[in-house]
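Fold and contact review
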Amino acid sequence: MNSCPEKIYRLYTDPIYVHNRIATPDWKIVSHRLGSHNLVYVYGGSGIFDNGAGKKPVKNGDLIYFAPGNFQYMTTDTSTPIRFYTVNFLAAAPQFADNCWSIAPAEFGFPFVSTLEDEAVRRRFILLFERLHHLFPLTDTVRKSRHRETLTELLALAELCTDNKNDKSISYSVRGKINKSVHYMADHYKEHLSLASLAAEADLSTSYFSAAFREITGKPPIDYLIHFRVFKAKQFLSDGLSVTAAAEAAGFSDIYYFSNVFKRLEGISPKKFKTNLQKEQSQA
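Residues numbered from 1 in each chain as written. Predicted model: local features only at pLDDT ≥ 70, side-chain atom pairs only at ≥ 80, totals over all residues. Heavy atoms only, no water.

1. Let's talk about the overall build of the protein
- From N to C terminus, the protein includes 10 helices and 10 strands.
- The globule rule puts the C-alpha radius of gyration for 284 residues at 19 Å, and the 24 Å found for the protein is more than 25% above it.
- Buried residues in the protein amount to 39% of all 284 residues.
- Of the contacts formed within the protein by residues at least 6 apart in sequence, a portion of 69% connects residues at least 24 apart.
- Summed over all atoms, the accessible surface of the protein reaches about 15600 Å², with 52% contributed by carbon and sulfur.
- Within the protein, one finds 34 positive and 29 negative side-chain charges whose respective centroids are separated by 3 Å. (Helix = DSSP H or I, 4+ residues; strand = E, 2+ residues; numbered from the N terminus. Rg over C-alpha atoms; globule rule 2.2 N^0.38 Å. Buried < 20%, exposed > 50% of the residue type's maximum accessible area, 1.4 Å probe, protein only. Contact = heavy atoms within 4.5 Å. Areas by Shrake-Rupley, 256 points an atom, 1.4 Å probe, with all protein chains shown as cover. Lys, Arg positive; Asp, Glu negative; His and termini not counted. Charge placed at Lys NZ, Arg CZ, Asp CG, Glu CD.)

2. Let's talk about the environment of Asp187
- With respect to the helices, strands and loops of the structure, Asp187 is situated in helix α4 (residues 172-188).
- Given the relative accessible area of 62%, Asp187 is considered exposed.
- Along the sequence, Asp187 and Ile8 sit 179 residues apart, while their C-alpha atoms lie 27 Å from each other.

3. Regarding the nonpolar core
- Counting residues in each nonpolar core, the largest one holds 31 residues, and the members touching the most others are Ile178, Phe209, Leu237 and Phe258.
- Breaking this core down by element, the ones donating at least two residues are α4, α5 (195-201), α6 (206-217), α7 (221-238), α8 (243-249), α9 (255-266) and α10 (270-283).
- With 6 residues, α7 is the single largest residue contributor to this core.
- Apart from the residues within four sequence positions on either side, Phe209 is in contact with Ile178, Ser181, Leu195, Leu198, Ala199, Ala202, Leu204 and Pro221. (Core = buried A, V, L, I, M, F, W, Y, C linked by side-chain atoms within 4.5 Å.)

4. Here we look at the sheet that holds strand β2 (residues 28-33)
- Read from one edge to the other, the open sheet built from 4 strands follows the order β2-β7-β4-β5, with strand pairing classed as antiparallel. At either margin of the open sheet sits one strand with a lone partner, and together these are β2 and β5 (55-59). Pairs of neighbouring strands in the sheet enclose a mean axial angle of 20°, with direction left out of account.
- Relative to strand β7 (residues 71-76), β2 is paired through 4 bridges, and the arrangement is antiparallel. Within β7, the residue paired with Arg33 across the bridge is Phe71. (Pairing = 2+ DSSP bridges. Axes fitted to C-alpha atoms, helices over the stretch in contact; angles between N-to-C directions.)

5. Regarding the environment of Ser282
- As for its placement among the helices and strands, Ser282 is situated in helix α10.
- Taking C-alpha positions, Ser282 is 49 Å from Ala158, a pair spaced 124 residues apart along the chain.

6. As for the packing of aromatic side chains
- Taken as a whole and judged by the stated rule, the model has 21 aromatic pairs.
- Judged by centre distance (5.1 Å) and plane angle (40°), the ring pair of Tyr43 and Tyr85 falls under tilted. Of this pair, Tyr43 sits in strand β3 (residues 37-44) while Tyr85 is found in strand β8 (residues 83-97), placing the two residues 42 residues apart along the sequence. Per residue, the accessibility class of Tyr43 equals that of Tyr85, and both read buried.
- Cluster of aromatic residues (ring-pair linked, three or more members): Trp27, Phe49, Phe66, Phe84 and Phe112. (Phe/Tyr/Trp six-rings, centres within 6.5 Å; stacked < 30°, edge-to-face > 60°.)

7. A few points about α10
- With 14 residues, α10 extends 20 Å from end C-alpha to end C-alpha; this agrees with the ideal 20 Å at 1.5 Å per step.
- What α10 keeps buried is the set Pro270, Phe273, Lys274 and Leu277. Viewed end-on, α10 has its buried residues packed into an arc of 95°, placing them on one side of the element. Exposed residues on α10 whose side chains face more than 90 degrees from its buried face are Lys271, Ser282 and Gln283.
- In this structure, the buried residues of α10 make contact with α7, α8 and α9. (Expected span 1.5 Å × (residues − 1). Arc of directions from axis to C-beta.)

8. Some remarks on the pattern of salt bridges
- Evaluated as defined, the whole model comprises 4 salt bridges.
- Where Asp14 meets Arg148, a salt bridge forms, and the shortest distance between an N and an O atom there is 3.6 Å. Of the two residues, Asp14 sits in strand β1 (residues 12-22) while Arg148 sits in helix α3 (residues 141-162), which places them 134 residues apart along the sequence.
- Notably, a salt bridge pairs Asp62 with Lys59, separated by 3.5 Å at the nearest N-O pair. (Salt bridge = Lys/Arg side-chain N within 4 Å of Asp/Glu carboxyl O.)

Shown next, in the form of structure tokens:
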């Protein structure tokens, strides 16, 4: 499979070993073949790692990935002993086709070694690995679900940071601001929201906010907001509200504008949409 954050969230992941390694000057792991995926984040010191394709120096801020079947060789620099978080995990991709579920091994396109330059990304990796390390010894069902949730976020972040197709000019911190802006729209869609007010809320210039928002979500900010308002209007119509009441509840102050936008996005008028809903409900 081609890895991307969205597809990673559809995987089934299971951490089987988590450790915070603080190496002694003579520490090393000499060439053994892995039976699982292994993700390592170096937060201090330095060393030499090899996955069977050649030795590479690793240092503070590096993310390392070993795939199942890789040989694993690790040594530390004796003068600056390496410190890193590591997680060994299993991952599978559930697939549904021809009315039948099947399971395929998950494959990741992570490079062997990546250097993370963004300080916000580094802090996030440490936070997630520390959370995973803290949760791992706990065995109750709720904690296990949080293990998997945290590991999945780690993998999605790794994909985001190592995917060469991503626009590296958009930093992780800016991505976080855009994500908060999306949530802000969801909480305040009834209010009058302008491009300028949304950019100010995100603490970004209007032009940069607009460009970054479009790059990350695929839509300009106001277009995204309009789509969300129409989505909410459909919910309100499904709940039995009139077209006028649904438009107002979704944040549209002009019923004619609402009707035109609804028809453009949905292909039918809100009145026809409501009529179709009533027919479906009467036939159920």
